[in-house]
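# Summary of the model geometry
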Amino acid sequence: MEYVTLNNGVKMPVLGYGVYKISSRDCVECVQNAVRVGYRLIDTAQIYDNEEAVGTAVRKSGVPRHDFFLTTKIWLTNDRYKTAAASIEQSLRKLQTDYIDLLLIHQPKRRDYHEIYPAMEVAYKAGKVRAIGVSNFYRDRFEDLTRSCEIMPAVNQMEMHVFQQQKSLHEFLKGCGTQIEAWAPFAEGRRNYFQNPVLTGIGAKYQKTAAQTALRFLFQQGAVSIPKTVHWEQMQENFNIFDFSLSHEDCVQIEQLDEGQTLYASQMHNESGTWLRANPDTLEVF
Ligand code: NAP
């Protein structure tokens, strides 16, 4: 496994396993399988309702805790200093661990992150969290937060895939020393992702699939990726991206797939979307 070094010196695997939409019933077995394949970064969230299953799989794996990199995210409803702090304690209990490797704000809502982030900074200083960061913070929110925070976010987890490459945000984050992490690195299969002719064509040169080509591309761009699958073969497929290299010409071709906008407008239906729709002047997220 390759690692990136975060702005506080903590090492983070460049490839992980995401557990969004995996029921708590299936999640223990899925994570156990992912660990057998070699994944050590596991990406969950309070809202996924499977932190406990992730904790159980990690505990039962036989792999030392310090080999894992566990990420969870504070959900929108824990939007006050006190509720955010309490939710961190609850995540620790559910994950059955005394520290979280990376704790993120799941997404911005109003300016509540000014309440949530200080609770995360306190947990960080207390050693309950090894790194803190954000998710779904476009540049305006990121700058607003970082104008007042004490500890710079180590990571910003964003929608990022070949159709939404986040080029300008990525450049900006690099300048801040914040690592970009790609959620939905396959756009959940949207746009016929796994049959995309550019990805399958380039992949064929290296005996690789579209999925492997896309993950390799994100890796070569400097992003951490957290693909999700419930299938053993696909877990292996997605993990095997370190034995080939895309050429400059391959990357230029894949860069042309970028549409420069979200494929997730449906996220506007969620709670923060309601607020964002009512405040269109601040609408840069989604
Ligand atoms: P994704 O990883 O882009 O795509 C998952 C879909 O691709 C599933 O339908 C999966 O199928 C399929 N798939 C995976 N590998 C495949 C392969 N090799 N060949 C063919 N199909 C394959 O989508 P995601 O789960 O939304 O995103 C990944 C992770 O990012 C999540 O699990 C979560 O941890 C995180 N995330 C974070 C946010 C945020 O707001 N911070 C938002 C979304 C996601 P099967 O499952 O049927 O195997």
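Residues numbered from 1 in each chain as written. Predicted model: local features only at pLDDT ≥ 70, side-chain atom pairs only at ≥ 80, totals over all residues. Heavy atoms only, no water.

## Concerning the site of the ligand
Put simply, the rule reads: What makes a residue near a molecule or strand is one non-hydrogen atom of that residue sitting within 4 Å of it. Here the open area of atoms and residues is found with the Shrake-Rupley method and a 1.4 Å probe, where only the protein chains shown may cover a residue. In this analysis a 1.4 Å probe is tested at points of a 1 Å grid over the protein atoms alone, and where it fits but cannot get out there is a cavity; an open set with protein on both sides within 12 Å along at least five of seven lines is a pocket; lining residues have an atom within 4 Å of a point. Those molecules having more than half of their atoms within 2 Å of a cavity or pocket grid point set are described as sitting in that cavity or pocket. Counting from the N terminus, the helices are DSSP H or I runs at least four residues long and the strands are E runs at least two residues long.
If you check the shell around the ligand, you find 27 residues, and the closest are D43, F186, K228, T229 and H231. Relative to its unbound accessible surface of 910 Å², the ligand loses 88% to contact with the protein. The pocket occupied by the ligand, as judged from atoms lying within 2 Å of grid points, is the largest pocket. Ranked by residue count, the leading element in the shell around the ligand is helix α9 (residues 232–239), at three residues.

## What to know about the side chain of Q46
Rule in force here: Exposure classes here rest on a 1.4 Å probe applied to the protein chains alone. A residue is buried below 20% of its type maximum, exposed above 50%, and partly exposed in between. Whenever a nitrogen or oxygen atom comes within 3.5 Å of another N or O atom, the pair is scored as a polar contact, on the condition that within protein one atom can donate a hydrogen and the other can accept it, and that pairs from neighbouring residues in sequence are kept only if both atoms are in side chains. Residue contacts are counted whenever heavy atoms from the two residues lie within 4.5 Å of one another.
Assignment of secondary structure puts Q46 in the loop between β4 (41–43) and α2 (51–60). The class of Q46 is buried, set by a relative accessible area of 14%. Within the local environment of Q46, its side chain forms a polar contact with the side chain of S87, the two groups lying 3.0 Å apart. When near neighbours in sequence (up to four residues on either side) are disregarded, Q46 contacts E51, T72, K73, I74, W75, N78, S87, I88 and S91.

## Some points on helix α1 (residues 24–37)
Defined as follows: A helix is expected to span 1.5 Å for every residue after the first.
With 14 residues, α1 should cover 20 Å at 1.5 Å per step; its first-to-last C-alpha distance of 20 Å lies within 8% of that length. Residues of α1 that are buried: C27, V28, C30, V31, N33, A34, V35 and V37. Buried positions along α1 lie against β3 (16–18), β4, α2 and α9. Note on α1: the residue one or two positions beyond its end, G38, has a positive phi of about 135 degrees.

## Quick look at the layout of surface pockets
Note the threshold: Grid points are joined across faces, edges and corners, and a volume is the space filled by probe spheres set on the points. Residues are sorted three ways: Asp, Glu, Lys and Arg are charged, Ala, Val, Leu, Ile, Met, Phe, Trp, Tyr, Cys and Pro are nonpolar, and all the rest, Gly among them, are polar.
If you add up the space inside the largest pocket, you get close to 730 Å³. Contributing to the lining of the largest pocket are 35 residues, with Y20, A184, E188, K228 and Y264 lying nearest its centre. Size it by volume and the second largest pocket reaches roughly 160 Å³. Lining of the second largest pocket is provided by 11 residues; of these, Y138, Q166, K167, S168 and L169 occupy positions nearest its centre. In terms of residue class, the lining of the second largest pocket is built from three nonpolar, four polar and four charged.

## Overview of the sheet that holds strand β7 (residues 132–135)
Short version of the rule: Strands qualify as paired when DSSP identifies two bridges or more between them. For helices, the axis comes from a line fit to the C-alpha atoms of the stretch in contact; other axes are also lines fit to C-alpha atoms, and the angle between any two N-to-C directions lies between 0 and 180 degrees.
Read across the sheet, eight strands follow the order β3-β4-β5-β6-β7-β8-β9-β10 without closing on themselves; strand pairing throughout is parallel. Looking at strand neighbours, the two that pair on one side only are β3 and β10 (224–225), the edges of this open sheet. Two elements, β3 and β4, share three bridges in a ladder whose sense is parallel. Bridge pairing in β4 places G18 opposite D43. Strands in contact with helix α4 (residues 113–125) are β5 (69–74), β6 (102–105) and β7; relative to β7, the strand with the most contacts, it is inclined by about 150 degrees.

## Observations concerning the confidence of the model for the protein chain
Do not read the fine detail of predicted coordinates wherever pLDDT is low. For clarity, the threshold we go by: For every residue, the pLDDT score states the predictor's confidence, bounded by 0 at the bottom and 100 at the top.
Mean pLDDT over the protein chain: 94, with 93% of residues reaching 70 or higher. Low pLDDT (under 50) marks residues 281–286, which in the prediction has 22 contacts with non-local residues, meaning those over four places away or in another chain.

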